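# Structural characterization, general
Chain by chain, the residues run as shown.
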Amino acid sequence: MKTPHLHAVQFALAFSLCLTGSLLNAAEVNVYSARKENLIKPLLLEFEKYTDTQVNLITGKADALLQRIISEGKHSPADVLITTDAGRLYRAQQAKILQAVDSQILKDSIPKQYRDPDGYWYALSLRVRPIMYNIERVRPKELTTYEALSDSVWRKRICIRSSDNIYNQSLVASLLVHLGEKETLSWAKGLVDNFARAPQGGDRDQIRAAAAGQCDLAIANTYYLGKMLASKDPVQQAAAEKVKIFWPNQNGRGVHVNISGGAVTRFSKNRESAIALLEFLASDKAQHWYAQTNFEYPVKAGVQPSQMLENWGTFKADSLSLHHLGELNAKAVMIMDRAQWK
């Protein structure tokens, strides 16, 4: 059996052999992260230890960080942008604040559908947005697809966030690809008719509402449920235990997935270190940490998920190339407005 110390040394050696370029002269890398500090800092400390590169971290709201880099222009100190949702990464690309990266390590680690076709951004973790149901009010055999949520049987029974939430915008964008504009609009109108209440709050609020019987179904990202189940707050735990996950569209295209991801900024002053950091975040070690700590799914094949994720079972994921979510964001917002999704 390997000792923990030996395992760490072997990992460091293996990772150092596959870094892009030489980091011997790279003193630092500056990261703008939409992830909270406790959800990224431990990995950055690991990277510092293995590469002897200082990582400077700024955290903030995703849209605010994007605007900050745009405002800073060529004087921006940012080398790496870490943010949530393929739609936001697409926005950053369209704002011309990213640069393309051609890394074989990233290409080998991250499936094609989870990275920009031209290398401007790469997924770092998978986020799944399924249906969650109150176990006392809904039987799983009543559920099938996202499309079926517009059926009248669900009238006044669904909780979901507002239309200005990018996770919902990306879900609608995926439907535009699969169903077309006319059918997606019809679906969105039916879904709005089935809202149990006006959209309010975040994903945890939808889960709590379903648990309390204010609605029977909630649409939410799975990691929010994971955080509630792992919470030290017994009220959150109790609420989370009253709902279960249903993976929709398993006989068709699969459940909708999105990502958190990273990119090298256009005016990076530490490009080699920035690429090396992205490669590290796509490594087995970092991917496993994401799954254990934030209950997100590894984007890299073969990485062991956390026990909680395993308990939720396996699912078929939509194989849609996620750059489409950004391309169709504006049209998705238009559809939601026309459906009067507040």
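In the block above lies the structure referred to throughout.
First, a word on what this report is: a plain description of the structure on this page. (Residues numbered from 1 in each chain as written. Predicted model: local features only at pLDDT ≥ 70, side-chain atom pairs only at ≥ 80, totals over all residues. Heavy atoms only, no water.)

### Brief notes about the environment of A211
Within the fold, A211 resides in helix α8 (residues 203-211). What makes A211 buried here is its relative accessible area of 11%. Residues A211 and N30 lie 181 residues apart in sequence; the distance between their C-alpha atoms is 42 Å. What A211 contacts, discounting residues up to four positions off in sequence, is N134, A239, K242 and V243. (Helix = DSSP H or I, 4+ residues; strand = E, 2+ residues; numbered from the N terminus. Buried < 20%, exposed > 50% of the residue type's maximum accessible area, 1.4 Å probe, protein only. Contact = heavy atoms within 4.5 Å.)

### Regarding the state of the cysteines
For the structure on display, the rule yields 1 disulfide. Note that C159 is cross-linked by a disulfide to C215, the S-S spacing being 2.2 Å. Between C159 and C215, the S-S torsion sits near -120°, and that sign places the bridge as left-handed. Here C159 is found in strand β7 (residues 158-159), whereas its partner C215 is found in the loop between α8 and β8 (217-219), with 56 residues between them in sequence. This pair shows no difference in class: C159 is buried, exactly as C215 is. (Disulfide = S-S within 2.5 Å.)

### Description of the side chain of R157
Here R157 is to be found in the loop between β6 (131-134) and β7. Other than its neighbours up to four places away in sequence, R157 contacts R137, V138, E142, N194, F195, A196, C215, D216 and L217.

### Remarks on helix α3 (residues 62-72)
Looking at α3, one finds that the buried residues are A62, L65, L66 and I69. Each buried residue of α3 sits inside an arc of 100° when the element is viewed along its axis, so together they form one side. In the core, the buried residues of α3 are packed alongside β1 (28-33), β2 (54-59), β3 (80-84), α4 (86-94) and β10 (257-265). Residue G73 follows α3 closely and has a positive phi angle near 60°. (Arc of directions from axis to C-beta.)

### Let's talk about the pattern of salt bridges
Summed over all chains, the structure comprises 18 salt bridges. When the shortest N-O distance is used, the salt bridge between K49 and E46 registers 3.5 Å. Remark: E46 and K49 occur in helix α2 (residues 41-51); sequence separation between them is 3 residues, near one turn of the helix. Between E296 and R127 there is a salt bridge, with its nearest N and O atoms 2.8 Å apart. Taken together, the positions of E296 in the loop between α12 (284-294) and α13 (307-311) and R127 in strand β5 (residues 122-128) put the pair 169 residues apart, joining distant regions of the chain. Classification of R127 as buried rests on a relative accessible area of 6%. Among the charged side chains, a salt-bridge network with shared partners connects R35, R127 and E296. (Salt bridge = Lys/Arg side-chain N within 4 Å of Asp/Glu carboxyl O.)

Read these as spatial facts, not as claims about activity.
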